[in-house]
Amino acid sequence: MENNTDALSENGMTVCEGFSRIPARLENHIVIININEKLPVIVDEIFNGWRHDTYADIVVFVQDQTLWDSNPRWHPKVKSPHRLFVVQGCPGNTDQLKCTGVDTCRTAVILADPSQGRLSDAKGTLIALAIEQVSPDVHTVIEVVSSGHRVHLKGTEVNEAVCMGELTEALLAQNVISPGVLKTVEELMAIHNNAPGFMLKEIPEAMVGMTYREAVLKSIEEGSSFVICGYEKNAREANGMLLIHHPTVNPTGALKDTVLCETDAFVVLDMD
Amino acid sequence: MAHFKKFLSQLVEPAEGQGSSLANLIFDIFIIFCILLSCTLVVIEFFHPDSVDYFFPVEAGLTAIFTAEYIARWYLAPHRLRYPFQWLSLVDLFALLPSILLIVSDVFFVRIARTFRVFRLLRLLRLMRLVRLIRFSGLIYRFYLYTRVRITAFGYRHRARPLAVLFLFAVAVWIFGANLLYITESGSTDNLSPFAEYWESYWNIIIVLMSGIEDKEPVSVLGRIEISLMLILGIVIVGYLTGEIVSLLVQKWQRANLVALMPPRSNLKNHIVILGINERLTNVVKQVDAALEGACFFLIVDEKADTLMAMAPPLRQKVFALVGNPSEKNVLDMARIDDAARIVVLSGTAGDTETSQDIDNRALTVTLAACLRDRERHIPTTVEIVDKSNLNYAKHLLNVDYVVGQQFGERLISQCVRHPGVSEIYHELFTFTDESNEIYFIQVPKKLIGKTVKEAQLFFLQYEKAPITLLAIQVIHEDCGSQTLWCCQESVRQRFLEGTETLMVLALKYPKLSRGEQDLFDGTYLARH
């Protein structure tokens, strides 16, 4: 693979010390924009949970070189054969974004930038808009600091927003109601071999045309290796990826009689 | 017939909070009302024997109700032959017999039977049966607790205590003054004084006390001295009253949009104590309140708790603030932390110079103060921690759960990368609303004990009262604590369920099909249902 050294330098980007340059063509990789204390764990979990045929490529886009240099604890560890590229630049610049291969990537993750303080959501949202301009179909995940800023994302095509404050509030309330539930949630969210978790699963051919109730009955009786918890209508995106928008989880009476078609998907609990 | 028997059984059994229907509660209240009415009739008839005929139809109606209730209980009894000889059944029978004799006497002119009417007081013994149930009845106790706290809070907010003292003082002065002036004036003024007539004296003294009008002048010198003292006391009373009302209005205006302060004598019990405040407070309170359907009070303890904005109704009336350092023992005592149902420790909002270590150290200090107390029961505690490295220290405090937002955030972002859209599912599961599903832990229902997990899954699929999906089973091991067995594992599906195990299910609300021995809050009255 060739290095895109020229493209990087032409666009005013630098490669962080100790990391190799980005190859000219990256596909199905992950782009992580901004760095914070969550970066090493996220990278580690992505590497650990990678189940595709090839190795994982992750590009980390650092905005603030000083922040990167002054926080060595945030530097992710590369796990062979996976590859990690760390570049410095401005993610608001679409040319620089293209250099990271955001137009061909699998997912773009925008982390909250600690150097921007509590108002980092504004720049994060603007970066999401920039990504949309470059590649409207890319799956975008954004970390939001304030739950109040989540509404701003409704006007964008951001697929998922993870708000730390909101998550903490929800988990605190959950544990007040059901003490000990945190351990279970922790287990559900863990990414390692043989860990349980919620995910989308294509509807098996034999179940297409059945109602949800019939499909679940068949699944239980046949001893499927997953627990069907709900379904998502028209889950398949144009690029073939299954994506959850408005899942129907644990449907009530009438919704159990919904007829499933091949573009739908099951929401299941399954072991990774 | 089976449905009718089931319905009757549910109706007649005492309301015990969770699992009891509204009809069940209404039936209990109705019977209590009938018993009290019946006893009141006995008292009225005793003092006004002429009213016996007047109340006869009421008495006959009540007797019919009690007879029907007695027959229903007998019909539903598991051992019908033994039922009439049980203690409570005998009480029921003895309470009923006098009324029946009374009716029979009126119909067949057996006057002698009327002497048995006093037996109807035995009916009061039935009250003991219901009073005993208050200990276990979530709904009735909750109503009692709510009423008590609301009345205390109302009194505290409207300064009922000082106003009551002032009122009693004014009444005492009024009675004393009226009598004093009457004695003074009637003996020495040949009934020329406006205070010479006893009841007239009461009227005139209240005018003097409240308005200071001087046209009601005593005639004697001693009377004038006394009325002068009364005038001074009147000024003091009216001045104090005016001051109290103004102060009340000012305080009300100043705290119009602020959270209510905890009344000193509110005696909160089974409340949720939140130690510390940060930006997550409001949403945590809202979520827990939504989950419990407004069943409990919240107490926020912090040095700046009095500056908190009031929450929107109806939460406004259920949230109180206590000003003080939550790591101090006397503050925690005032918060009645040992009587709390849950404790939540929020990490304080970072000041300009505070690091995450400072914030966590403060939260851990508060946790230690709240948990290392000499109390008989364990109170489930949830603590918010900012830096996950502090968990290494915190984990040594047993029975405390820690929420580290960063840790869960990292995992959720990683999950989103791996399984696109999964954050939507977690968002639904973690948010308490009427339309969203949550994760609940329930005891294995009686009918599922001894069945396989697969059979339990089929049971829940066919259960039409509420949508429930079985996710996992929690098994408690004596040596290594609890273990979660996920239903997607082949080995788990063939496992037989035991009564000691817990089911982890997805449901819109806390499922009512559990055995009722434990509810969301371990059998206390803070249950959601």
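From a predicted model like this one, the values you see are computed outputs, not experimental measurements.

Chemist: Is there a simple way to think about unusual backbone geometry in this case?
Modeler: Residue and element names in this part refer to chain A. The phi dihedral of Asn 28 falls on the positive side, at around 60 degrees, and the residue is not glycine. Within the secondary structure, Asn 28 sits in the loop between β1 (14-15) and β2 (30-33). A positive phi is found at Asn 250, a non-glycine position, where the angle reads about 45 degrees.

Chemist: Is there a simple way to explain the pattern of salt bridges in this structure?
Modeler: If the charged atoms of two oppositely charged side chains come close together, the side chains can form a pair. Taken as a whole and assessed by the stated rule, the structure comprises 21 salt bridges over all chains. Here Lys233(A) and Asp264(A) are joined by a salt bridge, their closest N and O atoms 2.6 Å apart. Taken as a pair, Lys233(A) in the loop between β9 (226-232) and β10 (248-249) and Asp264(A) in the loop between β10 and β11 (265-271) lie far apart in primary sequence, 31 residues in all. Owing to a relative accessible area of 1%, Asp264(A) belongs among the buried residues under this scheme. Beyond isolated ion pairs, a larger network of salt bridges with shared partners links Lys329(B), Asp333(B), Asp338(B) and Arg373(B).

Chemist: How do you make sense of the sheet that holds strand β10 (residues 481-486) of chain B when you look at a structure like this?
Modeler: Hydrogen bonds between backbone groups are what pair the strands of a sheet, and the pairing can be parallel or antiparallel. Residues and elements named next belong to chain B. In space, the four strands of this open sheet follow the order β8-β11-β9-β10, with antiparallel pairing throughout. Each edge of the open sheet is held by one strand with a lone partner, namely β8 (438-443) and β10. Neighbour-to-neighbour, the strand axes of this sheet turn through a mean angle of 30 degrees, independent of strand direction. Pairing analysis gives six bridges linking β8 to strand β11 (residues 502-507), with the strands arranged antiparallel. Paired with Tyr 440 across the two strands is Val 505, which belongs to β11.

Chemist: Teacher, can you tell me more about the packing of helix α6 (residues 164-177) of chain A against helix α15 (residues 422-430) of chain B here?
Modeler: Packed helix pairs are characterised by how far apart their axes lie and by the angle those axes make with each other. In contact at an axis separation of 9 Å, α6(A) and α15(B) are set at 40 degrees when each is read in the N-to-C sense. Of the possible angle classes, the one that applies to α6(A) and α15(B) is oblique. Regarding α6(A) and α15(B), the two cross each other, and that crossing is left-handed. Contact residues: α6(A) offers Glu166(A), Leu167(A), Ala170(A), Leu171(A) and Gln174(A), while α15(B) offers His427(B), Leu429(B) and Phe430(B). Residue classes in the contact of α6(A) with α15(B) are distributed as five nonpolar, two polar and one charged.

Chemist: Is there a simple way to think about the sheet that holds strand β8 (residues 196-202) of chain A in this case?
Modeler: Residues and elements named next belong to chain A. Reading across the sheet, the four strands line up as β8-β11-β9-β10 and stay open at both edges, with antiparallel pairing between neighbours. Sheet topology places β8 and β10 at the edges, where each strand pairs with a single neighbour. The pairing of β8 with β11 spans seven bridges and is antiparallel. Looking at β11, one finds that Met 199 is bridged to Val 268.

Criteria and thresholds
Residues numbered from 1 in each chain as written. Chains lettered and ligands numbered in written order. Predicted model: local features only at pLDDT ≥ 70, side-chain atom pairs only at ≥ 80, totals over all residues. Heavy atoms only, no water. Helix = DSSP H or I, 4+ residues; strand = E, 2+ residues; numbered from the N terminus. Salt bridge = Lys/Arg side-chain N within 4 Å of Asp/Glu carboxyl O. Buried < 20%, exposed > 50% of the residue type's maximum accessible area, 1.4 Å probe, protein only. Pairing = 2+ DSSP bridges. Axes fitted to C-alpha atoms, helices over the stretch in contact; angles between N-to-C directions. Parallel < 35°, antiparallel > 145°, perpendicular 65-115°, else oblique. Left-handed = near helix turned anticlockwise from the far one by under 90°. Contact = heavy atoms within 4.5 Å. Nonpolar A, V, L, I, M, F, W, Y, C, P; charged D, E, K, R; others polar.

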